[in-house]
Amino acid sequence: MLPQFNYVRAQSLEEAQQQLSTDGARVCAGGSDLLGCLRDDVFDCSKVVSISSLNQLRGIARTRDGGIRIGSLTPIAEVAASATVQETHAGLSQAASEVASPQLRNQGTIGGNICQKPRCWYYRGEFHCLRKGGTTCYALAGENQYHCILGGYRCYIVHPSDTAPALLALNATVHIAAPSGSRTVPLDEFHVHPRDDPQRETVLQGNEIVTEITLPAPPPGLRSSYRKVRARGSWDFALAGVALALAFNGDQVVSGRIVLSGAAPVPWRSREAENAVIGRRIDAATAREAAAAAMEDATALKRNAYKIPLFKGLVEQQLLAIAGA
Amino acid sequence: MNKPNEARYYVHGVEVPQTPPARAKDQEPWDETRVLGEPLPRVDGYERVSGTAVYPADMSLPRMLYGAILRCPHPSAVVTGVDTSGAEGMAGVHAVISAFTPEDDTTRPHDELIRSTLFNTRCRYEGEAVAAVAAESPYIAHDALRAINVEYEVLPFVADERRALEPDAPKVHETGNQVSDTERYERGDVEQGLREADVVLEEEYRCECEIHTPMEPHGCVASWDGDRLTIWESTQGVYNIQTQVAASLGVPLSKVRVVGHYMGGGFGSKLQAGRYTLTAALLAKQTARPVKLTLTREETYLAVGNRPPSNMRLKAGVKRDGTLTALDYSGTGTGGAARAGGTSLLDWLIRDLYLCPNVRTELTDVYVNAGPARPFRAPGHPQCAWALEQMMDALAVAIDMDPVQLRLKNVPTVSQGRNGIPYTTTGLQRCLEEGAREFRWEETKNEIASGDLNGDIRRGVGMGSGLWAGGGGGPPSTAIVKIYSDGSINLNMGASDIGTGTKTVMAMVVAEELGVSHEDIQVEHADTGTTQYATASGGSKTVPTESPAVRAAAIDAREQLFEIAAEEMEVDVSVLSLRDGKVVATGETPREVNVAELQGLRRRGNITGVGYRGPNPSDKAVNPFAAQFCEVEVNIKTGEVNVVRFLGAHDSGRVMNRLTYQNQVFGGITMGIGLGMTEQRLLDVDQTGKMVNKNWHDYKLPTAVDVPADMTCVPIDPHDTECNTTGAKGIGEPATIPTAAVVANAVYHATGVRITDTPIDPTKLVNALAAARGGE
Ligand SMILES: Cc1cc2nc3c(=O)[nH]c(=O)nc-3n(C[C@H](O)[C@H](O)[C@H](O)COP(=O)(O)OP(=O)(O)OC[C@H]3O[C@@H](n4cnc5c(N)ncnc54)[C@H](O)[C@@H]3O)c2cc1C
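Residues numbered from 1 in each chain as written. Chains lettered and ligands numbered in written order. Predicted model: local features only at pLDDT ≥ 70, side-chain atom pairs only at ≥ 80, totals over all residues.

Draft legend 1. Just the overall build of chain A, in detail. Helix and strand counts for chain A come out as 12 helices and 12 strands. Considered along the principal axes of its C-alpha atoms, chain A spans approximately 60 × 50 × 35 Å. Burial statistics for chain A: of 325 residues in total, 54% are counted as buried. (Helix = DSSP H or I, 4+ residues; strand = E, 2+ residues; numbered from the N terminus. Buried ≥ 20, exposed ≤ 12 C-beta atoms within 10 Å, placed from the backbone.)

Laid out in C-alpha cells, this is it:
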C-alpha cells in the first residue's frame, strides 16, 4: 500500500522547480518507477510533483546539425517507434524497444528511464542497505546472481536502464533545468558511481529536472545496435546487454563506443573492448579478442560468474553482427 | 506400506460419507454424443471477460471494513510485545487484534499436528501473522499496521533445506528438523536389478521452490448476521472452508455459509481456509460490520503456499534392449515450518510410471524457517518427472536407443505402485506413438542430425511422459437438476469452477441428457447455503467426480419428466426422448409436446432430479497418462533458449469440451515452462533468511513470449467404460507433469549439456556451455 503523500501537478517548469524545493519532494514523470519505490518504502517522499502537464518536454525532433533532440517526457514507446531515431541512431530505438513491457514503454518516459532507481532486490526490499543509508551491501554475501561484475565498490548494483547504455554509446548530452538556470551534462558524467556516492544514482540536485536529451549528428559510417539477454523474454531487465555505436570506413572501425548494461553500477563503457576493435576490421578473431578484453577486469561474486562467459558470447556475437561478418 | 496416498492428500481432514448409489448406476458412458466433446465457449465467458463477474476481491458490502495483517519480518523470532496503542488511536481504525488480545483463542485449521493459535508469539517463518486490524479503508488499515510496534527477539534460522539436517542447524521445532521418519518403499531386489543392467547411471537433480501466485490474491469477505456467518472466499472448495471455519470458531456447520462463485486461480493453494479467513471472521464479529481481507501480493508469496523445493538422486539400470532393471531413488523436500507435505508424492512416478521390477525409494521431509507448502498442480510429480524423465533420456543415449522407443518398451501393464492392480485404461502407448507421429519426432530428429552446425544456434527436440496419481475422482458428490414448469433447467452443484470450465462442462452434461443447448442451463454452484455437498476442486478430479453425479441427476429428472409425459401422451416411457425442449414420442404416429405444456409438470411446479456419484471400480486404478514433445533453439554463446513448439498428447479419458481440455493442456505446458525455465523462490539463505523476490517482477512467471505460439493438443481417448459413468479422467494436473523435463531433454539434444537444476536459463546454461566448449 502506498503511504501518505501530497500531490501536485505543476503547470510550468518554474512551478515544478518551486514545488520541488520542499524537502522530501520528488519528480514524477510517468510514475512507473517512482510509485513502485513509494509502495515498497524505498525512500521517504512527502510530496509527489508531477510534470506530466509540461507538454513542451515531449517530442522527438531532428536538430539543425543533423542530431536528435528528445524531450524528457517522451514515452519510451515513442522513442522505439520513431523513424527519426531509427534513421540515424538505430541502437537507441532498439534499446528502447527492449525496455520492460509494452504497457511500461507507453507509461514510462525516456527521462524517467535514465533517472530510475536500481532494481537490486535488497535495495527495493526490506533491507537497510548501504544505498539506503545503512552500513552493508547485502548483495556482496547474499543472493547476487543479478549483480555487477565490473565497477562494484561497496555497493554491487547494476544500473537498470536499457536506454542509458545506448545513449552513452551514441554520445548523448543531458539537458537539465536548475533554479539557477539550465546546464548540460554529457551522459558520461550523468550517473554517479558508488565510489563517489553510494546513495545517489545521478548528478541531479533535488530540484533539478531533466528537460531533454540530445544526440549529436552521426559521424560518417555510424552503425549502432543494442541487444540484451534476460532471464525471461519480456518484462525483465538485462542479465547482460551491449550497446554498440561504431563508425566504419569500409570494413574498418574508425571510432566508436562499446557500452555494457547489466554489468556495472553505471552504464559501463568498455574502453578495453573499444581499443580492441578501433582501427581494425572485425572478424571472428577480433570479435573474440574484444569480447575477452571487455571482461578483462571483471570479477564475479558468488552467484554471478555466468555473466563473464555470457558477456563474452554476447559482445562477440554483436560485433560480428554489426560488422556483417 | 505400498498404498498410494493421493486420496488422503486432497480430502485429508474432511469426512467422506458414502453417498447412496447412483439411481442410474448401470449407466455406461455414452457411445455417441451430441454436445460433449464439442469446442463450446464457456457459459460464463461474457461475465468473465466483461468484468461483470464478481470475485471476492471485487466484493463490496454496505458498511464494509477492510482488514489487514501485520506479519513477522524475520524467519525466526519470538514476539515479546505488541504495542497497538498507536493503531488503536487512529481515526478510522475499528479493531486491532493480536496474540495479546482475548479474541485469539482460535486454533489454526487444517494442521492437527502442530497446533497453533491465530497469532503466534513464536514465529517460525517470514510472514507469520502477528496482529491484524480492521479499518474504514485499505489505506487506513495499512497505515494502522505501520503504527503497531512489535518487539521481536530475533533467533537463528535455517532457510535452506539442504542444510536443515546438519548437526548445528537451528531447530525449527523443538523436536528437530526432520518432520517424521523417512518414508520408504521397496519392491523386488534393487541390487540384483543393478547387477543385471548393462548400463547404470546415477544423477542428482533439484527443482526450486515455486509460488502459486494466482491472479487473484487470497482473500475473503466475512459478515455476521446474529450468530450466522457468511464468507465470500476465493477458494477451490466452499465446503472445506465451511468445515475449517466452523471447527476453528466453534460454530455449527449450519451457521456458516461459504460462497465462492468466482475465483481468480488457486492451483492448489486455495483448498483450505487461511488464517486470514478466521481473522476476517473475528474482526467482523468484533466490529459488527462486514470485513474484507485481501492479501497483498507480497503476502501471497510468503504465507499461503508453495511447491516445495525438491532434491532428488536417482540411480537407474537398463539393459541394452531397453528393459529397465532397477530404479533407486531418494528425495528430500520441505513444507517450510509446517507439516505441509514437503515430499508429497515425490516418488510416485518412480513407483508407477514404467515397468520395473526392482524399485526402492526413500523420502525425507524436513522443516525450515520458511512459508508452508500447499498442494501445487500435481504435487511431487513435475519434480519427480524432472529426475526420472531426464534419467530416461540419458539412459536412451547411453544404450543408443530412441527415447520414445525406450519408453514404449517400458509401458506398464498394471499399476505396480499399487501392488499390481490394473488401470481401467492406459493410453500411455498411444500418447507416445500418436504424439510422436503428430510432432514429426523422427523426421525432426533426422533433419536436425543432418542440419548444419555453423553459427551459434542449435536445434534440439525432447520428450517425456507422465501419469498423475489422482485424476479418477470418486464419491461423495450430490447434484440436483431441476426442470421448471416452463421447461427451463437449473443445475445445482456444490463444486467450484476454479477457472477450468467446470460450470460449462457440467452444463454440457445436462444438455447432453436433456436435449437442449448448454447455454440454456442455469448453473447454481459453490455455495454451502444453497448448493449440494461437494469436495474441493483439486487433484484433477472435478470432472470425473462431478460429471457422473450431474449426469445421474439429469437422468433422474428426465425419468420423472417422462413419467408425466407418458401418462399425458398415453404412450410407453420407452418411446420417449427429449429434443429442443420437446418430449418426442416415436412410433407409428410420431408426436411431440412442449415440456412447458405438460399439465402434470405445471401442477408440480418443477421436477427435482437428484444424482449421486457412485463408487469407483474397487480393484482398478484410474489414472490419466501423458506424453509431451518440444523443440528448442539454443544460442550456445549466450545460453538463451527459445522454445519453438510444444505438443501434448494426453489420455485423460473422454474429452468433455475440446476448448476447455485444450486450455488445460496449454496452461499446464505454460506452467511447466515456468518450473523448467523461469520460476524460483529465492531466500536470502546466507544472511537474513528473507525472501528477496516476493513480487511479480523478480519472481519470474513465463510471459506470452516465453511460451511457443505453436502448441498442439492431441487428445487420446481410450473409451474408458469402467472409470465412471462419463468416461472422463482428469486433465488439469497431468498437463504440467512432464513439461519441464521435456525442455531439459530438448536442451540436451541441442547442446549436449544436461542441466539438472531448475530453472534452465542463461545463468545456468552459459557456464555449462562454455565448459562444454572447453576453456575458451
Ligand atoms: C516491472 C518493470 C520492469 C521494467 N523493466 C525495464 C527494463 O527492462 N529496462 C529498462 O530500461 N527499464 C525497465 N523498467 C523501468 C522503466 O523503464 C522505468 O520505470 C521508466 O522508464 C521510468 O519512467 P517514468 O517516466 O515512469 O519515471 P518515474 O517513475 O516518473 O520516475 C523515475 C525516477 O526518475 C525521476 N525522474 C523522472 N523524470 C525526471 C525528470 N525529467 N527529471 C528528473 N528526474 C526525473 C523520478 O523522480 C524518479 O526517481 C521496468 C520497470 C518496471 C516497473
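After that view, the rundown keeps rolling.
Draft legend 2. Structural detail: the overall build of chain B. Scanning chain B from terminus to terminus reveals 19 helices and 28 strands. Over its C-alpha trace chain B gives a radius of gyration of 27 Å, about what one expects of a compact globule, namely 28 Å for 776 residues. Across the 776 residues in chain B, those meeting the buried criterion constitute 60%. Sequence separation of 24 or more characterises 80% of the internal contacts of chain B that already satisfy a separation of 6 or more. (Rg over C-alpha atoms; globule rule 2.2 N^0.38 Å. Contact = placed C-beta atoms within 7 Å.)

Draft legend 3. Quick look at the nonpolar core. Counting 323 residues, the largest nonpolar core has Ile-51 of chain A together with Val-133, Val-510, Val-743 and Val-747 of chain B as the members making the most contacts within it. If we ignore the near neighbours within four places in the chain, the residues touching Val-510 of chain B are Val-481, Ile-489, Leu-491, Ile-521, Val-550 and Ala-554 of chain B. (Core = buried A, V, L, I, M, F, W, Y, C linked by C-beta atoms within 7 Å.)

Draft legend 4. Layout of the interface of chain A and chain B. The partner chain B presents 30 residues to the 26 residues of chain A that form the contact. Those elements giving two or more residues to the side of chain A that touches chain B turn out to be α8 (121-124) and α12 (307-323) of chain A. Residue contributions to the side of chain A that touches chain B peak at 6 residues, all from α12 of chain A.

Draft legend 5. Geometry of helix α1 (residues 13-20) of chain A. All names here are of chain A. Every buried residue of α1 is accounted for by Ala-16, Gln-17, Gln-19 and Leu-20. What you see down the axis of α1 is that its buried residues fit within an arc of 160°, all on one side. Looking at the buried positions of α1, the neighbouring elements they touch are β1 (6-9), β2 (25-28), β3 (47-50), β6 (173-178) and β8 (209-215). (Arc of directions from axis to C-beta.)

Draft legend 6. Structural view of unusual backbone geometry. Residue and element names in this part refer to chain B. Across the junction of Pro-475 and Pro-476, the peptide omega takes the value 5°, indicating a cis bond. Along the polypeptide, Pro-476 turns up in the loop between β18 (457-467) and β19 (478-484). The linkage connecting Thr-758 with the following residue, Pro-759, adopts the cis geometry, with an omega of -15°. If you trace the backbone, Pro-759 turns up in the loop between α18 (739-751) and α19 (762-773). A positive phi angle, close to 55°, is found at Phe-267, a residue other than glycine. Assignment of secondary structure puts Phe-267 in the loop between β11 (256-259) and α7 (275-287). The phi torsion at Leu-345 lies on the positive side, around 60°, for a residue other than glycine. Locating Leu-345 in the fold gives a position in the loop between β14 (324-334) and α9 (348-352).

Draft legend 7. The site of the ligand, seen in detail. Taken together, 35 residues are adjacent to the ligand, and Gly-30, Ala-100, Gly-108, Gly-112 and Cys-115 of chain A come closest. Residue neighbours of the ligand fall on chains A and B, so the site bridges chains. The element contributing the most residues to the shell around the ligand is helix α7 (residues 110-115) of chain A, with 4 residues. Here the shell around the ligand is composed, by residue class, of 15 nonpolar, 15 polar and 5 charged. (Near = placed C-beta within 6 Å. Nonpolar A, V, L, I, M, F, W, Y, C, P; charged D, E, K, R; others polar.)

Draft legend 8. The pairing of β2 of chain A, seen in detail. Residues and elements named next belong to chain A. Here β2 pairs with β3 via 4 bridges, running parallel. Of the residues in β3, the one forming a bridge with Cys-28 is Ser-50. Note that the unit made of β2, helix α2 (residues 34-39) and β3 has a crossover that is right-handed. (Pairing = 2+ DSSP bridges. Right-handed = clockwise from strand over helix to strand, strands pointing away.)

Draft legend 9. The arrangement of the domain arrangement of chain B in detail. Residues and elements named next belong to chain B. Each assigned domain of chain B is listed here: domain 1 (6-32 + 473-612), domain 2 (56-155 + 215-265 + 270-302) and domain 3 (310-471 + 619-773). One C-alpha centre belongs to domain 2, the other to domain 3; they are set 37 Å apart. Each side of the interface is counted separately: domain 2 has 14 residues, and domain 3 has 15 residues. Within the side of domain 2 that touches domain 3, the residues separate by chemical class into 7 nonpolar, 2 polar and 5 charged. (Domains from an automatic or database assignment.)

Draft legend 10. Seen up close, the domain arrangement of chain A. Residue and element names in this part refer to chain A. What the domain assignment reports for chain A is domain 1 (55-115 + 158-215) and domain 2 (222-323). Counting from both sides, the interface comprises 22 residues of domain 1 and, opposite them, 23 residues of domain 2. Of all the secondary-structure elements, those providing two or more residues to the side of domain 1 that touches domain 2 are α5 (90-97) and α9 (163-169). Ranked by residue count, the leading element in the side of domain 1 that touches domain 2 is α9, at 5 residues. Among the residues making up the side of domain 1 that touches domain 2, the classes are represented as 12 nonpolar, 8 polar and 2 charged.

Draft legend 11. Highlighting helix α6 (residues 238-249) of chain B. Residue and element names in this part refer to chain B. The end-to-end C-alpha distance of α6, which contains 12 residues, comes to 16 Å, matching closely the 16 Å that a straight helix rising 1.5 Å per residue would cover. The complete set of buried residues in α6 reads Val-238, Tyr-239, Asn-240, Ile-241, Gln-242, Thr-243, Gln-244, Val-245, Ala-246 and Ser-248. For α6, the secondary structure elements touched by its buried residues are β10 (228-233), β11 and α7. (Expected span 1.5 Å × (residues − 1).)

Draft legend 12. Structural context of the sheet that holds strand β20 (residues 489-493) of chain B. All names here are of chain B. Judged by pairing direction, the sheet is mixed, and its 4 strands sit side by side in the order β21-β20-β19-β25 without closing on themselves. Each edge of the sheet is formed by a strand with only one pairing partner; in this case those strands are β21 (521-525) and β25 (606-612). For this sheet, the mean angle separating the axes of adjacent strands, direction not counted, is 20°. One ladder, built from 7 bridges, connects β19 with β25; its direction is antiparallel. In the sheet register, Val-481 faces β25, and the bridge partner there is Gly-609. On the sheet, helix α14 (residues 502-514) packs against β19, β20 and β21 and is oriented at approximately 135° with respect to β21. (Axes fitted to C-alpha atoms, helices over the stretch in contact; angles between N-to-C directions.)

Draft legend 13. Here's a closer look at the packing of helix α17 (residues 658-678) of chain B against α18 of chain B. All names here are of chain B. Relative to each other, α17 and α18 sit at 60°, their axes nearing to 7 Å. The angle between α17 and α18 places the two elements in the oblique class. You can see that α17 and α18 cross each other, and the crossing is right-handed. In this structure, α17 contributes Gly-668, Ile-669, Gly-672, Ile-673, Leu-675, Gly-676 and Met-677 to the contact, and α18 contributes Thr-739, Ala-740, Val-743 and Ala-744. (Parallel < 35°, antiparallel > 145°, perpendicular 65-115°, else oblique. Left-handed = near helix turned anticlockwise from the far one by under 90°.)

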